[in-house]
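What the coordinates show
Residues per chain, in single letters:
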Amino acid sequence: MDIERSTFSSINSGPKLMDRGAEAKIYLKNNKILKLRISKSYRLNELDRRIRRHRTKKEAKIISDSRKKGVPTPIVLDLGDFYILLEYINGKKIKDDFENLSFDKYVQIGQNIGKLHSAGIVHGDLTTSNMILFNGKIYLIDFGLAEYDMHVESRGVDLHVLFQDIKSYHNKEEVIKHIKKGYSEAFEGSNKVFKRVSDISKRGRYN
Amino acid sequence: MISLGIEATAWNLSIGIVNEEEILSMKSSAYEPESGGIHPREASQNHSENISSLIKEAIESANLNPHDIDIISFSQGPGMGQCLRVAATASRALSLSLEKPLIGVNHCIAHIEVGRWDSGSKDPLVLYVSGANSQVLGYRYKKYRVFGETLDIGIGNALDKLGRSMNLSHPGGPKIEKLAREGSHLIDLPYTVKGMDFSFSGLVTSAENKLKEESRENIAFSMQETAFSMLTEVTERAMAHSDSNQLLLCGGVGNNSRLQNMLRIMCEEFGSEFYIPRSKLLGDNGVMIAHTGMKMYRSGISHPSSIEVRPNFRPDQAEILWRD
């Protein structure tokens, strides 16, 4: 693809495809990550381009803003219509060994989200696939669905999505209290959010 | 073993009779409101008026006598309380008079189980889309876990609501599908996906607001393209996160050909297999209740006649003892 070639044109061998998620292809070369949003054939081309362009631009801006407010994230190096060039965090996805983290790591996860919410940002896709452990520090990645949003509902959904991920995929509900501890340390409005999370999880049909 | 199942969670009353291999009969009676949406009391009245004769029809159509039936199952929930109680009452009466076991079945799980049975899919990720339900589910540790779901209304209800605003009679979904085929201009509507969850009420409201300036065809088209893209995106993300390579589509909205088409394309690109049961088993039906009740009974479950309905019964609240 031309975008990849031009970005890595000065390099002898091609970039390495690191990951192919549902949303994007991730390439690695010379300690830099290229995140390229994939076109989806199932949706209309117009809708597809609109979504990809919008998410790329927004993600870059939100990563920078989050970083400025103390959330560990990769640094944004360059930006195009459908791609972002980022610093490479050479660690392990939390998803791979979630059950065996030391308890302070769960607290750190909570603190990261707390700082993020304090910055008026919600991540939008908090799962264990979007957290990387490197040198004892947990980095947040994949801000493609993140929003500038201060509503307790959105913050509640942010936490709810992560808690659901932990309950359904990892089956390790007991670590949630450590995450909540970290979150309340970093964010003053935590109690309201916890209450909302409880409401959201009870919501279903026929209420 | 012969199993009789009664489905009455919403507007469709349906009786199904099955054995291990095949469907012996299925009889349904849908409540159709004159105008507006489903009124629970009127729907439940309709069900209680029809249930005795429908059960009789189903038994006769299967060339059986009532005493040939081995177990009685009913949709315990989730659903409209008044409608659920009609099924529960009739089931209790049958169970007591025939002296046969009684099983309360989770409606969502029934959709999944009959979907797996009829389509041949062994361990799929499931997209379940009906009037009130829109969920992405997967089997893990003896339960069907909800990986993603609607934060407000189900996709079927969203389409019906839009249909009502267009003065289309209930159910609006199929009529929206027809209009959408004539549409081609994509209107900018709110696309709301939050992680693995999604939300339709803002989308519906926005689509309704455009009725003054845009054609019904283009609104229907844009509503489907936006809503179904949201569902497909979340399904794909769940598939990537859970390492599954089979997708099962179930629920009444699964009848929508554009949605089927989108999911098929996504599966093809992703490299997974797409499964869907026959159309008559997609919507709410008694066969799925009978089939799932039989699986439950054979894994050791049966319920006392004092069993209550559960209008908010979530799929992750039931134990799946018949799967590894």
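Residues numbered from 1 in each chain as written. Chains lettered and ligands numbered in written order. Predicted model: local features only at pLDDT ≥ 70, side-chain atom pairs only at ≥ 80, totals over all residues. Heavy atoms only, no water.

What follows covers the overall build of chain A. If you tally the helices and strands in chain A, you get six helices and ten strands. Taking 2.2 N^0.38 as the reference for a compact globule, 207 residues should give roughly 17 Å; the C-alpha atoms of chain A span a radius of gyration of 18 Å, in line with that estimate. Across its three principal axes, chain A shows a C-alpha extent of roughly 50 × 40 × 30 Å. For chain A, the accessible surface area stands at approximately 9,700 Å², while carbon and sulfur atoms represent 48% of it. Each charge sign in chain A was given a centre, from 39 positive and 27 negative side chains, and these centres are 1 Å apart. (Helix = DSSP H or I, 4+ residues; strand = E, 2+ residues; numbered from the N terminus. Rg over C-alpha atoms; globule rule 2.2 N^0.38 Å. Areas by Shrake-Rupley, 256 points an atom, 1.4 Å probe, with all protein chains shown as cover. Lys, Arg positive; Asp, Glu negative; His and termini not counted. Charge placed at Lys NZ, Arg CZ, Asp CG, Glu CD.)

Time to look at the packing of aromatic side chains. Within the structure shown, the criterion is met by six aromatic pairs over all chains. Where F134 of chain A meets Y139 of chain A, the ring centres are 6.4 Å apart and the plane angle is 50°; that geometry is what we call tilted. Using a relative accessible area of 26% as the deciding quantity, one classes F134 of chain A as partly exposed. Arranged with centres 5.8 Å apart and planes meeting at 70°, the rings of Y139 of chain B and Y144 of chain B form a pair that is edge-to-face. Y144 of chain B carries the same exposure label as Y139 of chain B, and that label is buried. Three or more aromatic residues joined by ring pairs form one cluster here, namely Y183, F187 and F194 of chain A. Positioned over the ring face of F194 of chain A is K180 of chain A, at 4.9 Å from the centre of the ring. (Phe/Tyr/Trp six-rings, centres within 6.5 Å; stacked < 30°, edge-to-face > 60°. Buried < 20%, exposed > 50% of the residue type's maximum accessible area, 1.4 Å probe, protein only. Lys NZ or Arg CZ within 6 Å of the ring centre and 35° of its normal.)

Residue and element names in this part refer to chain A. Taking 1.5 Å per residue, 16 residues should reach 22 Å; helix α3 (residues 103-118) reaches 23 Å between its end C-alpha atoms and fits that length. Those residues of α3 that sit buried are K105, Y106, V107, Q108, I109, G110, N112, I113, G114, L116 and H117. Where α3 is buried, its residues meet α2 (45-68), β7 (121-122), β8 (131-134), β9 (137-140), α4 (152-170) and α5 (176-186). Two residues or fewer past α3, G120 is found with a positive phi of approximately 80°. (Expected span 1.5 Å × (residues − 1). Contact = heavy atoms within 4.5 Å.)

This part covers the pattern of salt bridges. Side-chain pairs of opposite charge can arise whenever the charged atoms involved come near each other. Evaluation of the coordinates by the stated rule reveals 33 salt bridges over all chains. One salt bridge connects D48 of chain A with R52 of chain A, and the closest N-O pair in it is separated by 3.3 Å. In this pair, D48 of chain A and R52 of chain A both sit in helix α2, four residues apart, roughly one turn of the helix. Overall, D48 of chain A belongs to the buried group, its relative accessible area being 0%. According to the relative accessible area criterion, R52 of chain A is buried, its value standing at 9%. The closest approach of N and O atoms between D125 of chain A and R237 of chain B, which form a salt bridge, is 4.0 Å. With D125 of chain A in the loop between β7 and β8 and R237 of chain B in helix α7 (residues 216-242), the pair connects residues from two separate chains. When its relative accessible area of 7% is taken as the criterion, D125 of chain A is described as buried. Given the relative accessible area of 9%, R237 of chain B is considered buried. When salt bridges with common partners are traced through the structure, they connect E23, K35, R37, R55, E59, D125 and D142 of chain A together with E233 and R237 of chain B into a single cluster. (Salt bridge = Lys/Arg side-chain N within 4 Å of Asp/Glu carboxyl O.)

It is common to give the size of an interface as the accessible area that goes away when the parts come together. Each side of the interface is counted separately: chain B has 44 residues, and chain A has 35 residues. Carbon and sulfur atoms make up 51% of the area that chain B and chain A hide from each other, which totals about 3,400 Å². The tally of links from chain B across to chain A stands at five salt bridges. In this structure, K40 of chain A and E236 of chain B form a salt bridge, with 3.0 Å as the shortest nitrogen-oxygen distance. For the pair chain B and chain A, the number of links is eight residue pairs in polar contact (both at pLDDT 80 or more). Contributions of two or more residues to the side of chain B that touches chain A are made by β8 (143-149), β9 (193-194), α7 and α8 (257-270) of chain B. Tallying contributions element by element places α7 of chain B first for the side of chain B that touches chain A, with eleven residues. Of the residues contributing to the side of chain B that touches chain A, the split by class is 20 nonpolar, eleven polar and 13 charged. (Buried area = accessible area lost by both parts, 1.4 Å probe. Polar contact = N/O pair within 3.5 Å; in protein donor to acceptor, adjacent residues only side chain to side chain. Nonpolar A, V, L, I, M, F, W, Y, C, P; charged D, E, K, R; others polar.)

This part takes up the environment of F134 of chain A. With respect to the secondary-structure elements, F134 of chain A resides in strand β8. Ignoring anything within four residues of it in the chain, the contact list for F134 of chain A reads I89, N90, G91 and Y139 of chain A.

With that settled, consider the domain arrangement of chain A. All names here are of chain A. Segmenting chain A into domains produces domain 1 (3-87) and domain 2 (92-202). One C-alpha centre belongs to domain 1, the other to domain 2, and the line joining them spans 23 Å. Listed as interface residues are 17 residues of domain 1 and, on the opposing side, 18 residues of domain 2. Per-residue buried area on domain 1 facing domain 2 is highest for I62, V71 and P72; these three make up 37% of the total on that side. Where domain 1 packs against domain 2, one counts three salt bridges. Residue E147 is joined to K58 by a salt bridge in which the shortest nitrogen-to-oxygen separation is 2.8 Å. Run the count over domain 1 and domain 2 and you get seven residue pairs in polar contact (both at pLDDT 80 or more). Put simply, the parts of the chain that give the side of domain 1 that touches domain 2 at least two residues each are β3 (32-37) and α2. The greatest single-element share of the side of domain 1 that touches domain 2, amounting to eight residues, is contributed by α2. Looking at side-chain class alone, the side of domain 1 that touches domain 2 contains five nonpolar, three polar and nine charged residues. (Domains from an automatic or database assignment.)

Moving on to the environment of V193 of chain B. You can see V193 of chain B is positioned in strand β9. Along the backbone, V193 of chain B and P171 of chain B are 22 residues apart, and their C-alpha atoms lie at a distance of 25 Å. Once you skip the residues sitting within four places of it in the chain, V193 of chain B turns out to touch L145 of chain A together with F198, M230, E233, V234 and R237 of chain B.

Okay, the sheet that holds strand β6 (residues 92-93) of chain A next. Residue and element names in this part refer to chain A. Reading across the sheet, the three strands line up as β6-β8-β9 and stay open at both edges, with antiparallel pairing between neighbours. Two strands close off the open sheet at either side, each with one partner strand: β6 and β9. Sitting on the sheet, α3 is in contact with β8 and β9, with an inclination near 40° to β9. (Pairing = 2+ DSSP bridges. Axes fitted to C-alpha atoms, helices over the stretch in contact; angles between N-to-C directions.)

Right, let's talk about the pairing of β8 of chain B for a bit. Residue and element names in this part refer to chain B. Most of β8 sits inside the fold, with six of its seven residues counted as buried. One ladder, built from six bridges, connects strand β7 (residues 134-140) with β8; its direction is antiparallel. By the bridge assignment, Y139 is partnered in β8 with Y144. In textbook terms, the turn of a hairpin is the stretch between consecutive antiparallel strands, and for β7 and β8 this stretch comprises two residues, one of which, Y141, has a positive phi near 50°.

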